[in-house]
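Given next are the chains, with one letter for each unit.
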Amino acid sequence: MELVVALAIGVLFTVGVYLVLSKSLLRILLGTNLITHGVHLLLLTMSGLKTGAPPLLGEKAEAYVDPLPQALILTSIVISFGVTAFFIVLAYRTYRSTGTDDVEGTKEERQQ
């Protein structure tokens, strides 16, 4: 199971880096989102894909699941949501001022 998740992480990082290296702001936004999803899966896989009971006091179980990776992933999701919202506003403002979402087009606008 961990091999399948590792391959999915590799695909997410590969596609994300490819999109980040493009010239369109929308593709850069999608690329950063894919990279953050890859990081979420990486954190989950690094903690080990374990089965067990939730860490509650009333449960009498032999094995418990560590809640720290889930807390880290939840924090990362909230941070990536904030960064994505900021980047959407930044891309929209850039599009409104330059008339294009091409990164090279913004460079030409500054030189004039």
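Since the structure is predicted, the reported quantities are computational estimates derived from the model, not experimental observations.

Over its 19 residues, helix α1 (residues 2-20) extends 26 Å from the first C-alpha to the last, a length consistent with the 27 Å expected when each residue adds 1.5 Å. On its buried face, α1 sits against α2 (25-46).

This part is about helix α3 (residues 68-98). If you check α3, its first and last C-alpha atoms are 44 Å apart, about what 31 residues at 1.5 Å a residue would give, namely 45 Å. Within α3, the full set of buried residues consists of Pro69, Ile73, Ser76, Ser80, Thr84 and Ala91. Packing partners of the buried residues in α3 comprise α2.

In this section: the packing of α1 against α2. Viewed as axis vectors pointing N to C, α1 and α2 meet at an angle of 155°, and their least axial separation amounts to 7 Å. It follows from the interaxial angle that α1 and α2 lie roughly antiparallel. Taken as a pair, α1 and α2 cross one another with a handedness that is left-handed.

On to the UniProt feature "transmembrane region" (unreviewed entry) in the protein. The feature "transmembrane region" (unreviewed entry), as given by UniProt, occupies residues 6-21, 28-49 and 69-92 in the numbering adopted here. Structurally, residues 28-49 comprises 86% helix and 0% strand, and the distance from its first C-alpha atom to its last is 31 Å.

What counts and how
- Residues numbered from 1 in each chain as written.
- Predicted model: local features only at pLDDT ≥ 70, side-chain atom pairs only at ≥ 80, totals over all residues.
- Heavy atoms only, no water.
- Helix = DSSP H or I, 4+ residues; strand = E, 2+ residues; numbered from the N terminus.
- Expected span 1.5 Å × (residues − 1).
- Contact = heavy atoms within 4.5 Å.
- Buried < 20%, exposed > 50% of the residue type's maximum accessible area, 1.4 Å probe, protein only.
- Axes fitted to C-alpha atoms, helices over the stretch in contact; angles between N-to-C directions.
- Parallel < 35°, antiparallel > 145°, perpendicular 65-115°, else oblique.
- Left-handed = near helix turned anticlockwise from the far one by under 90°.
- UniProt positions renumbered as here; feature names shortened; annotations may be inferred.

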